[in-house]
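Spelled out, the chains give:
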Amino acid sequence: MMRAVSVTLIVALGLTACSVGPDYHRPALDVPATYRDAVAPANLPAVAALPWWQVYGDPTLKGLIQTALAGNLDVQLAAARVQEARAVLAGARSPALPSVSAGVTASPTARQPGDDFTTSFLGGLFLAWEIDLWGRYGRATEAARAQLLATEAARDGVYASLVATIAQSYFQLQSLAETTAITRRTIAAQRESLRLVSRLAAAGVSSAAEERQAENQLATTESKLPGLLTNIAATENSLSLLLGRPPGPITLGTPAEPFMLPAVPAGLPSALLERRPDLRQAEQQLIAANARVGEAKALFFPSITLTGTFGTVSTELGDLVNGDGATVASPGVDLLQPLYVGGSLTANYQAALARLQQAGLSYRQTGLNALREVADALSRYRRSADEIAAQRRRETAAREGLRLAEMRYRAGVISYLEVLDAQRQLYAAETDRAQSELTRRTAAVQLYLALGGGW
């Protein structure tokens, strides 16, 4: 008997390298040679290869990002999911290993009619080991490992998204602060103008209509200030939530461009497959679905389990405790071939194939979406420079126009209404320029994120 078990064990171990189901091969994606609207040669080092602390040079922003990575609840949740996936992987490996347990069993013994009822007690070690002939548990481990890597990629995606969101919120807060300063400065200038017009109207030089127009413009500008302060508070509260702390004020640094390069090298599109967390996550989910197909297919084949019982047997429980029972050693082999289980095996296999197809389509969709996001971000970042240049020219012209209008008004050439119109134009030009600079900073952040940087 022992010889037969040994032979079976040797043969079974020799077959464990056989794994049914398809082996994974990365699907071909339609990846172009270069990005659309790329603003630098693709063979230059990619911006996404730089860590976030080299991209964002503002020390205050660096400190906020570090605080967020340590205290953000979404980051902690992602880390907990990784821990769960590691535990699942450890559990997926266990069925391929022997199962050893210790215990005592009691069973009635056969007896003739009229004999006293007796019970047989068996105590010792019980062994069971299913040989993974067809790679079922190997495929399950492969799927669990891929799921762990997918979870780690999702965590990296949370990191990258958090870094980008912190940077965008910080730049928005800087823009709101600058717009508020512009508004306060404009209000002060318009109050001074109103005092001048009021004195001139009292002296009969200006009309009451000009005085009312100056009052109207001042009130219009003052009405914008509460909304700006409300937006600043809301942005600070949102940023505080990302930092993992209660709402409160945020200290700002000096506004600066996130990228200090005249042309931003995007790198090769094929690098996205390894750099973007969402693409790595989608591929690992595809690998897991592929392994699940092999796991489902293995259920069609027979299973071989080595069993063994090693202990003592006696009709008296006390003999087991004292070691006086008869010694028992009973190795064995169980062979089980599924014949009919109501079609569940076929249904399970077909479902695994369908999930594999879904994962493949999701991987392709994620790849196309990644290329679109990079192209959009490149286009937005490239054209934002032209927008800023035009807005700065507009601001310079509006400031000069106001200076000339004030000179002509003092010379008595024009009415004060033209001065008020020049003030409105300058205020609009200054606030639009600040918004354009925010657009460029946001476009730079989105480009860095789209290329897979930040984690």
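Residues numbered from 1 in each chain as written. Predicted model: local features only at pLDDT ≥ 70, side-chain atom pairs only at ≥ 80, totals over all residues. Heavy atoms only, no water.

Considerations on the pairing of strand β2 (residues 119–131)
Right, on to step 1. Both strand β1 (residues 99–108) and β2 contribute to a ladder of 10 bridges, which runs antiparallel. In the strand pairing of β2, Ser99 is matched with Ala128.
Right, on to step 2. Of the pairings in the sheet, the one linking β2 to strand β3 (residues 303–314) comprises 11 bridges and is antiparallel in character. When the sheet's bridge partners are listed, Leu125 is paired in β3 with Phe310. (Pairing = 2+ DSSP bridges. Helix = DSSP H or I, 4+ residues; strand = E, 2+ residues; numbered from the N terminus.)

What about the packing of helix α5 (residues 136–202) against helix α6 (residues 208–243)?
Right, on to step 1. At their nearest, the axes of α5 and α6 sit 8 Å apart, and the two run at 160 degrees to each other. Taken together, the axes of α5 and α6 lie roughly antiparallel to each other. Crossing of α5 against α6: the hand is left-handed.
Right, on to step 2. Broken down by class, the residue content of the contact of α5 with α6 amounts to 19 nonpolar, 13 polar and seven charged. (Axes fitted to C-alpha atoms, helices over the stretch in contact; angles between N-to-C directions. Parallel < 35°, antiparallel > 145°, perpendicular 65-115°, else oblique. Left-handed = near helix turned anticlockwise from the far one by under 90°. Nonpolar A, V, L, I, M, F, W, Y, C, P; charged D, E, K, R; others polar.)

Thoughts on the sheet that holds β1
Right, on to step 1. Spatially, the four strands line up as an open sheet ordered β1-β2-β3-β4, and their pairing is antiparallel. The sheet is open, and its two borders are formed by β1 and β4 (326–336), each paired with just one other strand. Strand-to-strand twist across the sheet, computed as the mean angle between neighbouring axes with direction ignored, equals 25 degrees.
Right, on to step 2. Two strands pair when backbone bridges link them, and β3 and β4 are joined in this way by 11 bridges, in the antiparallel orientation. Within the sheet, the bridge partner assigned to Thr307 lies in β4 and is Gly332.

Concerning the confidence of the model for the chain
Right, on to step 1. The share of residues in the chain with pLDDT of 70 or more is 87%, and the mean pLDDT across the chain is 84.
Right, on to step 2. The least confident element of the chain, judged by mean pLDDT, is helix α1 (residues 2–15) at 49; the most confident is helix α8 (residues 277–298) at 94.
Right, on to step 3. In this model residues 258–262 is a low-confidence stretch, pLDDT under 50, and it forms 13 contacts with partners more than four residues away in sequence or in other chains. (pLDDT = per-residue confidence, 0-100. Contact = heavy atoms within 4.5 Å.)

Digging into the packing of aromatic side chains
Right, on to step 1. According to the stated counting rule, one finds seven aromatic pairs in the structure shown.
Right, on to step 2. Ring geometry for Trp52 against Trp53: centres 5.5 Å apart, planes inclined by 85 degrees, an arrangement best described as edge-to-face.
Right, on to step 3. Aromatic side chains Trp134 and Phe301 sit 4.9 Å apart centroid to centroid with 35 degrees between the ring planes, which places their arrangement in the tilted category. Here Phe301 lies in the loop between α8 and β3 and Trp134 lies in the loop between β2 and α5, a separation of 167 residues in the sequence. (Phe/Tyr/Trp six-rings, centres within 6.5 Å; stacked < 30°, edge-to-face > 60°.)

Describing α6
Right, on to step 1. Helix length check: α6 (36 residues) gives 53 Å between terminal C-alpha atoms against 52 Å at 1.5 Å per residue, within 8%.
Right, on to step 2. Directly after α6, the chain includes Gly244, whose backbone phi takes a positive value near 80 degrees. (Expected span 1.5 Å × (residues − 1).)

Some thoughts on helix α10 (residues 344–410)
Right, on to step 1. With 67 residues, α10 extends 93 Å between its outermost C-alpha atoms, agreeing within 8% with the 99 Å of an ideal straight helix rising 1.5 Å per residue.
Right, on to step 2. After α10 finishes, the residue Gly412 shows a positive phi value of roughly 80 degrees.

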